[in-house]
Amino acid sequence: MSALLVPFVAYYPSLERLVELWSDKGSVLSHGFLLFPISLYLFYQALRQTAPGLRIQPSLLGISFLLGATLLWLLAGLVYIESVQQAAFVLVLLGVVVSLLGVRQALPFFFPILLLLSVVPVWQVLTPYLQTASAIVSAQLLDVTGFTTVREGYLILIPDGVFEVEEGCSGLKYQLTAVTIAFLYAKVNGFNLRQMLIYAVIASGMAFLANIVRIYSVVAIGYFTGMQNPVVQDHDTLGWVVFALFIFVLLVYLGRLFPPQAEKKAVDPEADAPVALTRWPVLGGVVLVSMLGPLLALAYSVSAETADSLRWRLPEQVGDWQLQARRLTQWQPKWQQGDLVLQGRYLSHQDSVDLFITHFEKQAQDKEAVHVDNKIFSGERWARVSRQQRQVVLADGSHLPVEASLIKGGGQASQRLVWRWYGTAGHRVASGSRAKLWNLYGTLTGSPAISVVLVSTPVTSEQQDAEAVLMAFLSQFVTDVETALSR
């Protein structure tokens, strides 16, 4: 198994970044520091039990899987999707083992390797769904139990204040911890695959309920204390206490549904006829395939124009719209800066539209158009009420896909409507994941540029009126933007 040491060296940047994510304050993956040595221990135990009969048994399926994993790492790196790169690193480890031993001999090593996927940030894609579900169920539970509340998207309003079910309140950290504990418990007790999956699903459901109880408790405490209790501002400890109680029930009581199983003997490797190949050429070939992604990444280069070639400025006049200022004051997105950043406010009669554009000729790590830290508003003044993806039909009949968000805050403009979309490889897309895919295509074909456009207007009466204002502005502006940025 010395071949497994090579990926830890070749893919070191991914591993280093993963450790940094575990170290971040408030990270949902901080249990990685505990799980990684557990995974190593389980791998060692599996190796010790199977070592006497292990034979080099090259697998074409394993080599194909390994090749796919290392190329996935490469492609994810070209568009700076760190989470996919880190998941691909784990798959490379699995691919090395299967390539050398074949599927049957490698089975005991599947669990300790795949367990590492629980501490890789690919699960962040679940956050919006958990966030929405948590807000809806918590608000309904409060209503059923007699509290005077109103839910506006992710906001829960009570007479004395407002609670926002933020992304950090989605309960993802509880989900990952609960499912990991469930898998480890099932492994130790010899559950079969079906029992293990059922147990993990139950653990996921209990983690969701624990998060609902946490949100409910915080709102109830705020309700009865007039928002004065410290738990209202800092409820992380309360959350883990509630979660621990639910996990105790899971392990002590629900564990009785599946009694411990007798440990199965390791698969006899002699049952499969080993391929008659010498050891070192096979090891060398597998190691070479495992390093293909990092080697191609070193060799790959994309030509791009320099940032100095970007001289475009916002036009003073766009149809009936007049540029009033080249900066934003009431609303400001928090976005990583590209090679070109433009912002300004346009007026037409009584209507106003704030505009923010950032354009990347070529991205770099932490200089990305699509990133988890990019937000449509900055600071604590604003809170997101709702968001959805929709198709806007412009005056010329063309379709503009946008992510439409309604945000709420203080000041003169208590609510704003924000539309955001990406432009890359000749396509307009609202989804960040789709933008990454089209940007990957553009990168591979020599056009790595990507732009982000955000427009915002106050909601003074009905949301439909704000939508009409944005459509009127964009119908005259979108073509000019795309023409200027494609030069």
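Reading guide: rules and limits
- Residues numbered from 1 in each chain as written.
- Predicted model: local features only at pLDDT ≥ 70, side-chain atom pairs only at ≥ 80, totals over all residues.
- Heavy atoms only, no water.
- UniProt positions renumbered as here; feature names shortened; annotations may be inferred.
- Helix = DSSP H or I, 4+ residues; strand = E, 2+ residues; numbered from the N terminus.
- Buried < 20%, exposed > 50% of the residue type's maximum accessible area, 1.4 Å probe, protein only.
- Contact = heavy atoms within 4.5 Å.
- Areas by Shrake-Rupley, 256 points an atom, 1.4 Å probe, with all protein chains shown as cover.
- Phe/Tyr/Trp six-rings, centres within 6.5 Å; stacked < 30°, edge-to-face > 60°.
- Pairing = 2+ DSSP bridges.
- Axes fitted to C-alpha atoms, helices over the stretch in contact; angles between N-to-C directions.
- Salt bridge = Lys/Arg side-chain N within 4 Å of Asp/Glu carboxyl O.
- Parallel < 35°, antiparallel > 145°, perpendicular 65-115°, else oblique.
- Nonpolar A, V, L, I, M, F, W, Y, C, P; charged D, E, K, R; others polar.

An unreviewed UniProt entry annotates the protein chain as EpsI family protein of Candidatus Endoriftia persephonae. On record in UniProt, under Subcellular location (unreviewed entry), the comment for the protein chain is "Cell membrane".

Would you take a moment to explain the overall build of the protein chain for this structure?
Helix and strand counts for the protein chain stand at 13 helices and twelve strands. Burial analysis of the protein chain (487 residues in total) assigns 47% to the buried set. Of the contacts made within the protein chain by residues no fewer than 6 positions apart, 70% connect residues no fewer than 24 positions apart. As displayed, the protein chain offers around 23700 Å² of accessible surface, 61% of which is attributable to carbon and sulfur atoms.

Got a minute to help me understand the packing of aromatic side chains in this structure?
By the definition in use, this model includes 22 aromatic pairs. Judged by centre distance (5.4 Å) and plane angle (80 degrees), the rings of Trp 321 and Phe 473 are edge-to-face. Taken as a pair, Trp 321 in strand 5 (residues 321-325) and Phe 473 in helix 13 (residues 463-485) lie far apart in primary sequence, 152 residues in all. Phe 473 matches Trp 321 in its accessibility class, with the two residues each being buried.

Looking at this model, I keep getting lost on the sheet that holds strand 1 (residues 150-152). Mind explaining?
Strand pairs in the sheet, formed through backbone hydrogen bonds, run parallel or antiparallel to each other. Here we have three strands laid out as an open sheet, ordered 1-2-3, and antiparallel in their pairing. The open sheet is flanked by strand 1 and strand 3 (161-164), the only strands paired with a single partner. The mean angle between the axes of side-by-side strands here comes to 25 degrees, regardless of whether they run parallel or antiparallel. Across three bridges, strand 1 lies against strand 2 (residues 155-158) in antiparallel orientation. By the bridge assignment, Val 150 is partnered in strand 2 with Leu 157. Of the strands in this sheet, strand 1 and strand 2 are in contact with helix 6 (residues 127-144), which crosses strand 2 at around 20 degrees. Where helix 8 (residues 193-225) meets the sheet, it contacts strand 2 and strand 3, and its direction lies at approximately 25 degrees from that of strand 2.

Sorry if this is basic, but what is going on with the pattern of salt bridges here?
Should their charged atoms come close, side chains of opposite charge can pair. Taken as a whole and judged by the stated rule, the model has 14 salt bridges. Between Lys 375 and Glu 167 there is a salt bridge, with its nearest N and O atoms 3.1 Å apart. Taken together, the residues Lys 375 in the loop between strand 7 (351-360) and strand 8 (382-393) and Glu 167 in the loop between strand 3 and helix 7 (172-188) connect sequence positions 208 residues apart. Overall, the relative accessible area of 26% leaves Lys 375 in the partly exposed class. Using a relative accessible area of 32% as the deciding quantity, one classes Glu 167 as partly exposed. For Arg 387, the salt bridge is made with Glu 167, and the minimal N-O distance between the two is 4.0 Å. Pair noted here: Arg 387 is in strand 8 and Glu 167 is in the loop between strand 3 and helix 7, with a separation of 220 residues, a long-range link.

Please explain the packing of helix 2 (residues 12-23) against helix 3 (residues 32-50) as it appears in this structure.
The relative placement of two packed helices comes down to the angle between their axes together with the axis-to-axis distance. The N-to-C vectors of helix 2 and helix 3 enclose an angle of 130 degrees; their axes lie 9 Å apart at closest approach. Classified by the angle between their axes, helix 2 and helix 3 sit oblique to one another. Of the residues in helix 3, those touching helix 2 at Val 19, Trp 22 and Ser 23 are Gly 32, Phe 33 and Phe 36. Considering only residue class, the contact of helix 2 with helix 3 consists of four nonpolar, two polar and no charged.

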